[in-house]
Amino acid sequence: MTAGSRPLGDALVAFVPPPAPGPGEIDGRFVRLERLDAARHAEDLFQANQGGDEVWDYLGYGPFAEVEPYRAWQAKMAQSADPLFYAIRDLTADAIRGIASYLRIDPENGVIEIGHIQLSPPLQRSAAASEALMLMIAWAFQAGYRRVEWKCNALNTPSRRAALRLGFTFEGVFRQHMITKGRNRDTAWFSIIDSEWPALDKVYQNWLAPQNFDADGQQRQSLSQMTAAALPGRKDG
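Parameters and conventions
- Residues numbered from 1 in each chain as written.
- Predicted model: local features only at pLDDT ≥ 70, side-chain atom pairs only at ≥ 80, totals over all residues.
- Heavy atoms only, no water.
- Pairing = 2+ DSSP bridges.
- Helix = DSSP H or I, 4+ residues; strand = E, 2+ residues; numbered from the N terminus.
- Axes fitted to C-alpha atoms, helices over the stretch in contact; angles between N-to-C directions.
- Buried < 20%, exposed > 50% of the residue type's maximum accessible area, 1.4 Å probe, protein only.
- Core = buried A, V, L, I, M, F, W, Y, C linked by side-chain atoms within 4.5 Å.
- Contact = heavy atoms within 4.5 Å.
- Polar contact = N/O pair within 3.5 Å; in protein donor to acceptor, adjacent residues only side chain to side chain.

Novice: How should I be thinking about the sheet that holds strand S5 (residues 84-90) in this particular structure?
Specialist: Strand pairing in a sheet relies on backbone hydrogen bonds, with the paired strands running either antiparallel or parallel. Spatial ordering of the open sheet is given by S3-S4-S5-S6-S7-S8-S10-S9, a layout of eight strands whose pairing is mixed. A strand with exactly one partner marks an edge of an open sheet, and here the two such strands are strand S3 (25-27) and strand S9 (169-180). Strand-to-strand twist of the sheet, defined as the mean angle between neighbouring strand axes without regard to direction, takes the value 25°. Relative to strand S4 (residues 31-35), S3 is paired through three bridges, and the arrangement is antiparallel. Bridge assignment links Asp-27 to a residue of S4, and that residue is Arg-32.

See below:
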């Protein structure tokens, strides 16, 4: 849209600020997201993280050598509305295997971020891990958010690959964006916007369908290939 000779953004006359996140549970096929509760979740996840201190490498906290400091950290995080944390329950094992949060929650602009993602070694590279993040993305768009963001340390190659698998578009690197654990952090930015969501919603449903997994639980069709086909020309960094 233009005003005189100057281009302006599209008028968003129908936009209504979405609600802040907050459902107690979000159910999926492989996982259930549960609002973080240290009394119910800390012990399981502490045990699942054992032997995997590298899961803390790019986070601003951890590792935790003992369960009580970890339980105290979870209890503090559970009181926060932004970030708003969820525990990831692996339904096959009926055990907590990770956490993730909504953060930088901005209903007035329809923007929300998914971050503080910590997946224990047993959950990594699994359909359950992918579904947990899909559920968070789906809730945000179904609630009316216009943009879902994903940010990570630019050196965190697994996180960058995960963002692209899920259909996020790479938007660039903020140089010297943060200091984390006394080290410089350049931050890679990714996003999905609402016009892309209908195509990605179909991809997620098709990828999660039982017929897309063999008897050993291995995907028949790659999620990366499916999201790439749904959003051709997407910048991948």
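Novice: What should I look at first to understand the pairing of S9 in this one?
Specialist: Both faces of the sheet carry side chains from a regular strand, because those side chains alternate between them. Pairing between S9 and strand S10 (residues 183-193): eight bridges, direction antiparallel. Following the sheet pairing, Val-173 is matched in S10 by Ala-188. What sits between S9 and S10 in their antiparallel hairpin is a turn of two residues, with Lys-181 showing a positive phi close to 55°.

Novice: Hey, could you run me through the pairing of S5 in this one?
Specialist: The element S5 is extensively covered by neighbouring structure, given that seven of its seven residues are classed as buried. Two strands pair when backbone bridges link them, and S5 and strand S6 (residues 95-106) are joined in this way by seven bridges, in the antiparallel orientation. Bridge pairing in S6 places Arg-89 opposite Ile-96. Where S5 hands over to S6, the hairpin turn is made up of four residues, of which Asp-94 adopts a positive phi near 50°.

Novice: I would appreciate a short explanation of the nonpolar core in the present structure.
Specialist: The nonpolar side chains of soluble globular proteins are, as a tendency, buried together. The biggest cluster of nonpolar side chains holds 50 residues, and the ones touching the most others in it are Tyr-102, Ile-137, Leu-166, Phe-168, Phe-190 and Tyr-204. Here the element with the most residues in this core is helix H3 (residues 127-143); it accounts for 13 residues. Judged by nonpolar contacts, the second largest core, of 19 residues, contains Leu-36, Val-55, Tyr-61 and Met-77.

Novice: How should the environment of His-116 be read in this particular structure?
Specialist: Considering the arrangement of structural elements, one finds His-116 in strand S7 (residues 111-119). Note on His-116: relative accessible area 25%, which makes it partly exposed. Expressed as a C-alpha distance, the spacing of His-116 and Gln-218, which sit 102 residues apart in the sequence, is 27 Å. Each residue touching His-116, except ones within four places of it in the same chain, is listed here: Leu-59, Tyr-61, Pro-83, Phe-85, Ile-99, Ala-100, Ser-101 and Leu-103. Within the structure, His-116 has its side chain in polar contact with the side chain of Tyr-61 (distance 2.8 Å).

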